[in-house]
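Structural features, examined
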Amino acid sequence: MLDKQMAQALNEQINKEMYSAYLYMSMSAYSSNMGLKGFANWFMVQYHEEMFHAMKIYEYVQRQGEEVKLEALQAPPAEFSSQLDMFTKTLAHEQFITSSINELMEMAQSKKDHATQIFLEWYVTEQVEEEENDNDIILQLKLIGDNAHALLMLDRELAARATTIPTDFSKGVEAAAKAAA
Ligand code: OFO
């Protein structure tokens, strides 16, 4: 059972996660255009992570007997001034998502909705990891500065980022996550 206001807020979070995916897809395309395939890979992995975040909520809302209602997606920015600019914007966006998850948790707590609180705990933990990853790369990019050689070394490192995130949700999101683990 899911309260209507809670279901509405979770539907809005699906939109925010989908926008996150769209934003990182745009950053991946921009990196690729610059010839930085490692950065492009990192952001494309992030795109898949965000789709997974959206699909987890999609499945949860349906399993709780409520309707998924999808809204229009805002267009993401297409131009960035540097890799540091992209990661600074990524961190700012993730901080916004963290606030949004915290608000959902507070709503679930106020409604004594224990199932949704347990469901959201995964996102609370995930946000700590997401912000940490962005902070780590921002620190490295600040050290790199204008050093093109060092930037290419980081690009090579980011090319190695792989994902265990499932991309086939035809049999359900949780089932796909268990199979991929
Ligand atoms: Fe990047 O964590 Fe979802 O949005």
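An account of the accompanying structure is given in this report. Each chain has its residues counted from 1, running along the sequence as written. Reporting of local features is limited, given that this is a predicted model, to residues whose pLDDT is at least 70; pairs of side-chain atoms are given and counted only at 80 or more, and all residues count toward the totals for whole chains, interfaces and linings. In computing side-chain properties, one takes all heavy atoms of the structure into account and sets aside hydrogens as well as water.

With respect to the overall build of the protein chain
Basically, it comes down to this: A helix here means a DSSP run of H or I that spans at least four residues, while a strand means a run of E at least two residues long, and both kinds are numbered starting from the N terminus. This radius of gyration counts C-alpha atoms alone. The globule rule is 2.2 Å times how many residues there are, raised to the power 0.38. Categorising residues by exposure relies on relative accessible area from a 1.4 Å probe, with only protein chains included: less than 20% of the type maximum marks a residue as buried, more than 50% marks it as exposed, and the intermediate range marks it as partly exposed.
Broken down by element type, the protein chain carries six helices and zero strands. Secondary structure elements of the protein chain, listed N to C terminal, follow the sequence α-α-α-α-α-α. Its C-alpha atoms give the protein chain a radius of gyration of 17 Å, near enough to 16 Å, the size a compact globule of 181 residues would have. Along the longest, intermediate and shortest principal axes, the C-alpha atoms of the protein chain span 55 × 30 × 30 Å. Every one of the 181 residues in the protein chain was classed for burial, and the buried ones make up 46%.

Quick notes on the side chain of Thr90
Keep this limit in mind: Any pair of residues with heavy atoms lying within 4.5 Å of one another is described as a contacting pair.
Within the secondary structure, Thr90 is located in helix α3 (residues 83-110). Not counting chain neighbours up to four residues away, the residues in contact with Thr90 comprise Tyr24, Met27, Phe43 and Asp134.

A short note on the pattern of salt bridges
Here is the rule: The salt bridge criterion pairs a side-chain nitrogen of Lys or Arg with a carboxyl oxygen of Asp or Glu, the two atoms within 4 Å.
By the definition in use, this model includes five salt bridges. Lys111 serves as the salt-bridge partner of Asp3, at 3.3 Å between the closest nitrogen and oxygen. Of the two residues, Asp3 sits in the segment before α1 (4-33) while Lys111 sits in the loop between α3 and α4 (114-144), which places them 108 residues apart along the sequence. Taking relative accessible area as the criterion, Asp3 reaches 33% and is therefore assigned partly exposed. On the basis of relative accessibility, which here comes to 28%, the residue Lys111 falls in the partly exposed class. A salt bridge links Arg161 to Glu49, with the shortest nitrogen-to-oxygen separation between them at 3.7 Å. Of this pair, Arg161 sits in the loop between α5 (148-159) and α6 (173-180) while Glu49 sits in helix α2 (residues 37-63); the two residues are 112 residues apart in sequence, bridging distant segments of the chain.

Let's talk about the packing of α2 against α5
Note the cut-off: Angles here are taken between N-to-C directions and fall from 0 to 180 degrees, while the axes themselves are lines fitted to C-alpha atoms, restricted in helices to the stretch in contact. With respect to orientation, any angle under 35 degrees is reported as roughly parallel, any angle over 145 as roughly antiparallel, any angle of 65 to 115 as roughly perpendicular, and every other angle as oblique. The sense of a crossing depends on the near helix, which, turned anticlockwise from the far helix by less than a right angle, makes the crossing left-handed and, turned clockwise, makes it right-handed. Polar here means any residue other than Ala, Val, Leu, Ile, Met, Phe, Trp, Tyr, Cys and Pro, which are nonpolar, and Asp, Glu, Lys and Arg, which are charged; Gly is therefore polar.
Remark: α2 packs on α5, axes separated minimally by 7 Å, with the N-to-C direction vectors making an angle of 40°. Taken together, the axes of α2 and α5 are oblique relative to one another. Relative to α5, α2 is oriented so that their crossing is left-handed. Contacts between α2 and α5 involve Lys37, Gly38, Phe39, Asn41 and Trp42 from the first element and Leu151, Leu154, Asp155, Leu158 and Ala159 from the second. Of the residues that constitute the contact of α2 with α5, the class distribution is six nonpolar, two polar and two charged.

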